[in-house]
Amino acid sequence: MYPRLQIDVDKIKNNIKILSELLRKNDLEMAMVTKSYCAIPKLVEELAKDNIDYIADSRVENLKNIAYINIPKILLRIPMISETKDVVKYCDISFNSEVDTIYELNRCAKELDIKHKVVLMIDLGDLREGFFYEYKQEIFKIVEDILSLENIKLYGLATNLTCYGAVIPTKENLQILVDLGKEIENKYGIKLDFISGGNSSSIDLLKSQDMPKGITNLRLGEVIILGKETAYGEYIEDAYSDAFKLICEVIEIKEKPSIPIGKIGVDAFGNKPYYEDKGIIKRAIVAIGKQDIDITSIIPLDNNIEILGASSDHMILNISNCKNDYNIGDKVEFKLQYAGVLVASTSKYVYKELIHR
Ligand SMILES: *Cc1c(COP(=O)(O)O)cnc(C)c1O
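Residues numbered from 1 in each chain as written. Predicted model: local features only at pLDDT ≥ 70, side-chain atom pairs only at ≥ 80, totals over all residues. Heavy atoms only, no water.

> Teacher, can you tell me more about the pairing of strand 1 (residues 4-8) here?
Of all 5 residues in strand 1, 5 are buried, a share of seventy percent or more. Alternating positions in strand 1 separate into two faces, Arg4, Gln6 and Asp8 on one and Leu5 and Ile7 on the other, with burial throughout. The sheet contact formed by strand 1 and strand 17 (residues 351-355) spans 5 bridges and is parallel. Bridging from a neighbouring strand, Ile7 pairs with Leu354 of strand 17. Pairing geometry for strand 1 and strand 11 (residues 244-257), over 4 bridges, is antiparallel. Pairing of Arg4 across the sheet is with Ile247, part of strand 11. (Buried < 20%, exposed > 50% of the residue type's maximum accessible area, 1.4 Å probe, protein only. Helix = DSSP H or I, 4+ residues; strand = E, 2+ residues; numbered from the N terminus. Pairing = 2+ DSSP bridges.)

In structure tokens:
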């Protein structure tokens, strides 16, 4: 079935092994982040067999689908108050920054007679979610609120970097997180088990031995699936970057001009397009579109293919320079970057296939 997202389980396992060894050497636990591939249960099942301490995702729905996998689960995106019932049911730990939501989590946890673990998000300057690190009184206040709740345990602190503000993790900014954790422990006589120092962009700090002592955990998504840390975009030695492959089928091949004929308005997405005149070119259409893929995040394995564009359900390729002679029904393969994996995984029209080398 096509289009097909082919996932090489062993390549991802290899990446996990390399990263878990690197983390263990630095006394760090690993949370495997599954959101980019929608936590496909069969895949998570295989990946979670060893080397992993937590499974983490931003969607409760994904974690609900893998509830049967017996590894502690973290909800990465701070919960919607409307989903708190499912959060306490399907997630052992949730990241939080709003007291109203935490009160509601407490109420739901009480109903189930469980203790739900809460991690406070601290914003070190990337300016997405969390308490701004300079406003300590605000942070102490919520710690006190949490400590008064019967069915919530304050599990620790976490920060997220290199997402909105593209701020890179450093020895200095992560030390702020560690120090804040210690201050809370001393002030309230408690122990915080979990100080999470970021995502795939924190890997570089391990190579340079700059990870502050006291960080206990990293949450890794992209570096596991693409073998690439995200602070500087460097590939991890011996890790695979091609575990995900997209395979599409050719449904039309025609020689046509490279510039549309007629008065140009806006395209299917309301954009005014620009076309370069390359004369008559050989064009192939493959059966996939913007509903299934981010065309800026996929790379043809045949590097003589040029992606010209796509509408909702058709992608147009320039195959004029290909040595390979394409025919109707042939398959065209693409390597994927992060957004490519994300969108293809999310489309129900893309068939997912797990392979073992
Ligand atoms: C998505 C996400 C991650 C994983 O990020 P990668 O860059 O894919 O490693 C970690 N933490 C949070 C809060 C996230 O939302």
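Picking up after the structure, the text goes on.
> Looking at this model, I keep getting lost on the site of the ligand. Mind explaining?
Near the ligand you find Val33, Lys35, Leu76, Arg128, Asn160, Asn199, Ser200, Arg219, Leu220, Gly221 and Glu222, and these make up its full shell. Backbone polar atom of Glu222 to an oxygen atom of the ligand: 2.8 Å apart, as the coordinates give it. Across the complex, the protein chains shield 94% of the 390 Å² of accessible surface that the ligand would expose by itself. (Near = heavy atom within 4 Å. Polar contact = N/O pair within 3.5 Å; in protein donor to acceptor, adjacent residues only side chain to side chain. Areas by Shrake-Rupley, 256 points an atom, 1.4 Å probe, with all protein chains shown as cover.)

> Would you take a moment to explain the pairing of strand 11 for this structure?
Sheet topology note: the strand 11/strand 16 (residues 331-336) ladder contains 5 bridges and is antiparallel. Counterpart to Ile247 in the pairing with strand 16 is Glu333. Relative to strand 12 (residues 280-286), strand 11 runs antiparallel, the two being bridged by 7 bridges. Its bridge partner being in strand 12, Lys256 is matched across the sheet by Ile281.

> I would appreciate a short explanation of the packing of aromatic side chains in the present structure.
Each aromatic ring pair is specified by the distance between its two centres and by the angle formed by the two planes. Applying the stated criterion across every chain, the model contains 7 aromatic pairs. Relative to Tyr133, the ring of Phe132 has its centre 5.0 Å away and its plane inclined at 65 degrees; by these criteria the two rings are edge-to-face. A residue is classified by how much of its surface remains accessible, and Tyr133, at 23% relative accessible area, is partly exposed. Ring-pair connections join several aromatic residues into one group, and the members of that group are Tyr54, Phe95, Tyr155 and Phe194. Across from the ring centre of Phe140, 4.9 Å away, lies the NZ or CZ of Lys187, which sits over that ring. The ring of Tyr2 is capped by Lys331, whose NZ or CZ atom sits 4.6 Å from the centre of that ring. (Phe/Tyr/Trp six-rings, centres within 6.5 Å; stacked < 30°, edge-to-face > 60°. Lys NZ or Arg CZ within 6 Å of the ring centre and 35° of its normal.)

> Before we go on, may I ask you to explain the environment of Asn62 in this structure?
Structurally, Asn62 can be placed in helix 3 (residues 60-65). Taking the C-alpha atoms as reference, Asn62 lies 21 Å from Ala158; in sequence the two are 96 residues apart. Apart from the residues lying within four places of it in its own chain, the contact partners of Asn62 are Lys35, Cys38, Ala39 and Asp57. (Contact = heavy atoms within 4.5 Å.)

> Before we go on, may I ask you to explain the nonpolar core in this structure?
Across soluble globular proteins, nonpolar side chains have a tendency to be buried as a group. Leu120, Ile203 and Phe244 are the most contacted members of the largest nonpolar core, which totals 94 residues. Those residues in contact with Leu120, other than ones at most four positions away along the chain, are Asn96, Ile102, Phe131, Ile142, Val143, Ile146, Leu154, Gly156, Leu157 and Ala158. In this structure, Val33, Ala56, Leu76 and Tyr155 belong to the second largest nonpolar core, which totals 13 residues. (Core = buried A, V, L, I, M, F, W, Y, C linked by side-chain atoms within 4.5 Å.)

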